Amino acid sequence: LRNAAAVQPDEDAFPDFGEGLRQAFRRETELLFTSVLREDRSTLDLLAADYTFVNERLAQHYGIPNVGGSHFRRVALDDDVRGGLLGHGSILTVTSYANRTSPVLRGKWILENILGTPPPPPPPDVPDLETAEGGAPLSMREATERHRANPACASCHRLMDPPGFALEQFDAVGRFRTHTAANTLIDATGELPDGTQFNGAAGLRDALIANPARFVGTLTEKLMIYGLG
């Protein structure tokens, strides 16, 4: 969350983003962590909580009805898309670029912070994603798959990209969507390095908690690093 303060989404693409929403993103994640800690809840609630914390501004952004005022309150979630860290605007925004999502950044975040298997650093002179061909825009999946066709890029991207594609259901400021800005249906399917297949953010979450030792071990390791300074 330390990076949330520096995130500045493109004003033309996301004109409604403002400081109030930025602060609400951070507060939501802090309150979820605090609830798990203070209430001695399952560690897996960080991934699969069926509740979150919102004020009116954040509830409007997420499409959650009947929330008024600036104070935060716990709300039950009616679906399994938004629950847990993978549905938090804070995480989704800091793993995006100013004007678009990034399956690569999001996938890398999951490998590092959820699965504890960070990818190696990229090779030098990595080419940019192809964004168009013959005047027709490429989808994020198409552009990333063309990038992955380069053998120097493939070994890391085949691990990073699939979980990132699942989170393509959220735009660069964490709003849920089923289609891209070009009205293309989002393909959010993929598989984890162990071969577990999933579809969308909810499917990815189910796949991650099906093998809880990976996440719990990663969290324990990071808490030890924090505790030892």
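1. Remarks on the overall build of the protein
Along its length, the protein carries 9 helices and 6 strands. Taking all 229 residues of the protein together, the buried fraction comes to 43%. Long-range contacts, defined as pairs at least 24 residues apart, comprise 59% of the intrachain contacts of the protein with a sequence gap of at least 6. Counting every atom, the protein has about 12,200 Å² of accessible surface; 52% of that belongs to carbon and sulfur.

2. A word on the pairing of strand S1 (residues 51–54)
Burial along S1 is two-sided: Tyr51 and Phe53 facing one way and Thr52 and Val54 facing the other are all buried. Looking at chain direction, S1 and strand S2 (residues 73–76) are connected through 4 bridges and run antiparallel. Bridge pairing links Val54 to Arg73 in S2.

3. Things to note about the nonpolar core
Judged by nonpolar contacts, the single largest core of 30 residues is most densely connected at Ile110, Leu167, Leu204 and Leu208. Of all the secondary structure elements, the ones that give two or more residues to this core are helix H1 (19–38), helix H2 (45–48), S1, helix H4 (89–94), helix H5 (103–113), helix H7 (151–166) and helix H8 (200–209). Contacts of Leu208, omitting those with residues within four sequence positions, involve Leu47, Leu86, Ile114, Leu115 and Leu192.

4. Here's the deal with the pattern of salt bridges
Summed over all chains, the structure comprises 9 salt bridges. Two residues, Arg22 and Glu19, come together in a salt bridge whose shortest N-O distance is 3.0 Å. Of this pair, Arg22 and Glu19 both sit in helix H1, 3 residues apart, which is roughly one turn of the helix. Its relative accessible area of 44% is what places Glu19 among the partly exposed residues. Of the charged contacts in the structure, one is a salt bridge between Glu39 and Arg41, with a shortest N-O distance of 3.3 Å.

5. Describing the packing of aromatic side chains
The final tally for this structure, using the stated rule, is 3 aromatic pairs. When the centroid spacing of 5.8 Å and the interplanar angle of 85° are considered together, the rings of Tyr51 and Phe53 count as edge-to-face. One exposure class covers both Tyr51 and Phe53, and it is buried. Centroid distance Phe170 to Phe176: 5.9 Å. Interplanar angle 70°. Geometry classified as edge-to-face. For Phe170, a relative accessible area of 0% puts it in the buried group.

6. Points about the confidence of the model for the protein
The pLDDT averaged across the protein works out to 88; a share of 85% of its residues lies at or above 70. Ranking the elements of the protein by mean pLDDT puts strand S3 (residues 132–133) last, at 48, and S1 first, at 98.

7. Here we look at the side chain of Thr29
Positionally, Thr29 belongs in helix H1. Other than its neighbours up to four places away in sequence, Thr29 contacts Leu1, Leu85, His88 and Ser90.

8. A look at the environment of Ala76
In this fold, Ala76 is placed in strand S2. Separated by 27 residues in sequence, Ala76 and Ala49 place their C-alpha atoms 9.2 Å apart. Setting aside anything within four residues of it in sequence, one finds Ala76 in contact with Asp50 and Tyr51.

9. Re the side chain of Thr101
With respect to the helices, strands and loops of the structure, Thr101 is situated in the loop between H4 and H5. A relative accessible area of 4% means that Thr101 is categorised as buried. Of the polar contacts made by the side chain of Thr101, one reaches the side chain of Glu168; its length is 2.5 Å.

10. Overview of the environment of Tyr97
Note that Tyr97 resides in the loop between H4 and H5. Relative accessible area serves as the criterion here: at 41%, Tyr97 is assigned to the partly exposed category. Expressed as a C-alpha distance, the spacing of Tyr97 and Pro9, which sit 88 residues apart in the sequence, is 7.4 Å. Filtering out sequence-adjacent residues up to four positions away, Tyr97 remains in contact with Ser102, Leu105 and Ala172.

What counts, and where the lines are drawn
Residues numbered from 1 in each chain as written. Predicted model: local features only at pLDDT ≥ 70, side-chain atom pairs only at ≥ 80, totals over all residues. Heavy atoms only, no water. Helix = DSSP H or I, 4+ residues; strand = E, 2+ residues; numbered from the N terminus. Buried < 20%, exposed > 50% of the residue type's maximum accessible area, 1.4 Å probe, protein only. Contact = heavy atoms within 4.5 Å. Areas by Shrake-Rupley, 256 points an atom, 1.4 Å probe, with all protein chains shown as cover. Pairing = 2+ DSSP bridges. Core = buried A, V, L, I, M, F, W, Y, C linked by side-chain atoms within 4.5 Å. Salt bridge = Lys/Arg side-chain N within 4 Å of Asp/Glu carboxyl O. Phe/Tyr/Trp six-rings, centres within 6.5 Å; stacked < 30°, edge-to-face > 60°. pLDDT = per-residue confidence, 0-100. Polar contact = N/O pair within 3.5 Å; in protein donor to acceptor, adjacent residues only side chain to side chain.

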